[in-house]
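For reference, the chains in residue letters:
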Amino acid sequence: MRPVVVVPPARAARPIVVEVPHAGTFIPEEVRPELALDAVAIQRDADLHVDKLYRRAIELGATLLFTEISRFVIDLNRDPDDVDATSVPEHPAPRADSPRGLIWRVTTDGTNALTAPLTLAAWQHRVAQYHAPYHLAL
């Protein structure tokens, strides 16, 4: 599992980055106990195969950037502080209600995604382990 995969251009580089932040479905073992979802629910909210759909962009000189992890681990398309108080009660500046922010607490069909709210330490770990490397590469 890689939080960020960068595929360089196959020919002369152009100033184009194709970013695919939601195609991954991998749940790291350390996160698995915090999620109340099965594989079907995880796949339902993934942009399955979009990374493969754009794989040929490298032949046109673009750089392809994607992740193998699920958006239920962390939504890489969100600001690190897009967190609500229900998802991370200890967060120093939570948003009023952001059920599908950086940490998704419900799926698109309204199913609870988390077994319990995350601790501040768990949130910080996810940001450092997955969000930061992805955005550094981007």
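Data block above holds the structure.
Residues numbered from 1 in each chain as written. Predicted model: local features only at pLDDT ≥ 70, side-chain atom pairs only at ≥ 80, totals over all residues. Heavy atoms only, no water.

Participant: Lay out the pairing of strand E2 (residues 17-20) in plain terms, naming residues and giving numbers.
Facilitator: By the alternation rule, side chains of E2 split into Val18 and Val20, which are all buried, and Val17 and Glu19, of which none is buried. Relative to strand E3 (residues 63-66), E2 is paired through 4 bridges, and the arrangement is parallel. Residue Val17 lies in a different strand from E3, and its bridge partner there is Thr63. (Buried < 20%, exposed > 50% of the residue type's maximum accessible area, 1.4 Å probe, protein only. Helix = DSSP H or I, 4+ residues; strand = E, 2+ residues; numbered from the N terminus. Pairing = 2+ DSSP bridges.)

Participant: Could you give me a rundown of the packing of aromatic side chains, with the residues and numbers involved?
Facilitator: Enumeration according to the criterion identifies 1 aromatic pair in this entry. Seen from their ring centres, Phe72 and Trp104 are 5.4 Å apart, and the 85 degrees between their planes marks the pair as edge-to-face. Placement of Phe72 in the loop between E3 and helix H3 (120-137) and of Trp104 in the loop between E3 and H3 is noted, with a sequence separation of 32 residues between them. (Phe/Tyr/Trp six-rings, centres within 6.5 Å; stacked < 30°, edge-to-face > 60°.)

Participant: Residues and numbers for the pairing of E3, please.
Facilitator: In the case of a regular strand, side chains alternate between the two sheet surfaces. Burial along E3 is two-sided: Thr63 and Leu65 and Leu64 and Phe66, pointing in opposite directions, are all buried. Relative to E3, strand E1 (residues 5-7) runs antiparallel, the two sharing 3 bridges. Directly across from Val7, in E3, lies its bridge partner Leu64.

Participant: Can you tell me about the sheet that holds E2, naming the residues and giving the values?
Facilitator: Ordered in space as E1-E3-E2, the 3 strands form an open sheet in which the pairing is mixed. Only two strands of the sheet have a single neighbouring strand rather than two, namely E1 and E2. The mean inter-strand angle of the sheet, taken between neighbouring strand axes irrespective of direction, is 15 degrees. (Axes fitted to C-alpha atoms, helices over the stretch in contact; angles between N-to-C directions.)

Participant: Please give an account of the nonpolar core that cites residues and values.
Facilitator: In terms of nonpolar packing, the biggest core is built from 25 residues, with Phe72, Val73, Ile74 and Trp123 touching the most fellow members. Elements that contribute at least two residues to this core include exactly helix H1 (39-44) and H3. Broken down by element, the residue count for this core peaks at 5 residues, all from H3. Sequence-distant contacts of Trp123, defined by excluding residues within four places in its chain, comprise Pro80, Asp81, Val83, Val88, His91, Leu102 and Ile103. (Core = buried A, V, L, I, M, F, W, Y, C linked by side-chain atoms within 4.5 Å. Contact = heavy atoms within 4.5 Å.)

Participant: So what's going on with H3? Residues and values would help.
Facilitator: A rise of 1.5 Å per residue sets the reference length of H3, with its 18 residues, at 26 Å; its end C-alpha atoms lie 25 Å apart and thus fit the reference within 8%. Largest kink in H3: about 35 degrees, centred on His131, with the proline Pro133 one to four residues after it. What H3 keeps buried is the set Ala122, Trp123, Arg126, Val127, Tyr130, His131 and Tyr134. The inward-facing, buried residues of H3 contact E2 and E3. (Expected span 1.5 Å × (residues − 1). Bend = angle between axes of the 7 residues up to and from the residue.)

Participant: How would you sum up the pattern of salt bridges? Please name residues and give values.
Facilitator: Within this structure, the stated rule accounts for 8 salt bridges. The partner of Arg2 in a salt bridge is Glu68, with the nearest N and O atoms 2.9 Å apart. A residue pair is termed long-range when its members are at least 10 positions apart, and Arg2 in the segment before E1 and Glu68 in the loop between E3 and H3 qualify at 66 residues. Classification of Arg2 by relative accessible area gives partly exposed; the value is 43%. Overall, the relative accessible area of 25% leaves Glu68 in the partly exposed class. The partner of Glu34 in a salt bridge is Arg126, with the nearest N and O atoms 2.6 Å apart. Here the residue Glu34 occupies a position in the loop between E2 and H1, and Arg126 occupies one in helix H3, the gap between them amounting to 92 residues. (Salt bridge = Lys/Arg side-chain N within 4 Å of Asp/Glu carboxyl O.)

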